[in-house]
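Examining the three-dimensional arrangement
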Amino acid sequence: RRYEQPFSMVIFDIDNFKNINDTYGHTAGDNVIQTVAAVTRSVIRESDSVFRWGGDEFVILFKNCGIDNAFNIAEKVKTAVSDMEFIENGLHFSVSISLGVVEYIKDETEDDVLKRADRLLYCSKQNGKNRVER
């Protein structure tokens, strides 16, 4: 707000994460979460931040980044995650993520930004998963 620079946020989660835990075990689920976090960090800019929001949800904060650039980076994260392959007890599987991307609107509260991003994440899930919505 102080510097009036664009700021964007992504909320995403791992599609069908409960099925991963149920099918491959909680150790595999933990590995998926850690790997998704590492891949996300490798794709985003050093000035951006990613953190686990809870369970299988993550938030990415983009400083000095408008919605178009944030959307493009979110697409790259989605693709990088989809391209990963996991092996657990000889079984191969992959994961996908669904993402909601928003840009801060002047005078919005942090809670407002989070709610808008969360609604878009929900839209991504409803529209077929493995998508980025803005």
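Residues numbered from 1 in each chain as written. Predicted model: local features only at pLDDT ≥ 70, side-chain atom pairs only at ≥ 80, totals over all residues. Heavy atoms only, no water.

A word on the sheet that holds strand 7 (residues 132-133). In a beta sheet, neighbouring strands are held together by backbone hydrogen bonds and run either parallel or antiparallel to one another. Reading across from one edge, 2-3-1-6-7 is the order of the five strands in this open sheet, with mixed pairing throughout. The sheet is open, and its two edges are formed by strand 2 (49-54) and strand 7, each paired on a single side. Where strand 1 (residues 7-14) lies against strand 3 (residues 57-63), seven bridges are found, and the strand directions are antiparallel. Bridge pairing links Ser8 to Phe62 in strand 3. Its contacts with the sheet put helix 4 (residues 110-126) on strand 1, strand 2, strand 3, strand 6 (97-103) and strand 7, and the angle it makes with strand 6 is roughly 145°. (Pairing = 2+ DSSP bridges. Helix = DSSP H or I, 4+ residues; strand = E, 2+ residues; numbered from the N terminus. Contact = heavy atoms within 4.5 Å. Axes fitted to C-alpha atoms, helices over the stretch in contact; angles between N-to-C directions.)

By size, the foremost hydrophobic cluster in this structure holds 31 residues, and its most contacted members are Ile14, Val32, Val36 and Val95. When residues of this core are assigned to their parent elements, the largest contribution, seven residues, is made by helix 3 (residues 67-82). If we skip the residues at most four places from it in the chain, Ile14 touches Ile20, Val32, Ile33, Val36, Asp56, Phe58, Val95, Ser96, Ile97 and Lys125. Core analysis: the second largest hydrophobic core is formed by nine residues, Met9, Ile11, Val102 and Leu120 among them. (Core = buried A, V, L, I, M, F, W, Y, C linked by side-chain atoms within 4.5 Å. Buried < 20%, exposed > 50% of the residue type's maximum accessible area, 1.4 Å probe, protein only.)

Here the focus is helix 4. Its 17 residues place the ends of helix 4 25 Å apart at the C-alpha level, agreeing with the 24 Å of an ideal helix rising 1.5 Å per residue. For helix 4, the full list of buried residues reads Val113, Arg116, Ala117, Leu120, Leu121 and Ser124. Each buried residue of helix 4 lies within a common arc of 140° when the element is viewed along its axis, so the set occupies one face. Seen from the open side of helix 4, the exposed residues pointing more than 90 degrees away from its buried face are Arg119, Tyr122 and Gln126. Check the buried side of helix 4 and you find it contacts strand 1, strand 3, strand 6 and strand 7. Two residues or fewer after helix 4 comes Gly128, characterised by a positive phi angle close to 120°. (Expected span 1.5 Å × (residues − 1). Arc of directions from axis to C-beta.)

Right, let's get into the packing of aromatic side chains. Going through the model one piece at a time under the given rule, you end up with four aromatic pairs. Measuring from ring centre to ring centre gives 4.0 Å for Tyr24 and Phe93, while their planes differ by 15°; the resulting arrangement is stacked. Of the two residues, Tyr24 is situated in helix 1 (residues 17-24) and Phe93 in strand 5 (residues 91-93); the sequence distance between them amounts to 69 residues. Given a relative accessible area of 21%, Tyr24 falls into the partly exposed group. (Phe/Tyr/Trp six-rings, centres within 6.5 Å; stacked < 30°, edge-to-face > 60°.)

Glancing now at the side chain of Asp13. Relative to the helices and strands, Asp13 is located in strand 1. Given a relative accessible area of 11%, Asp13 falls into the buried group. Separated by 2.6 Å, the side chains of Asp13 and Lys125 make a polar contact. Other than its neighbours up to four places away in sequence, Asp13 contacts Asp56, Glu57, Ser96, Ile97, Ser98, Leu121 and Lys125. (Polar contact = N/O pair within 3.5 Å; in protein donor to acceptor, adjacent residues only side chain to side chain.)

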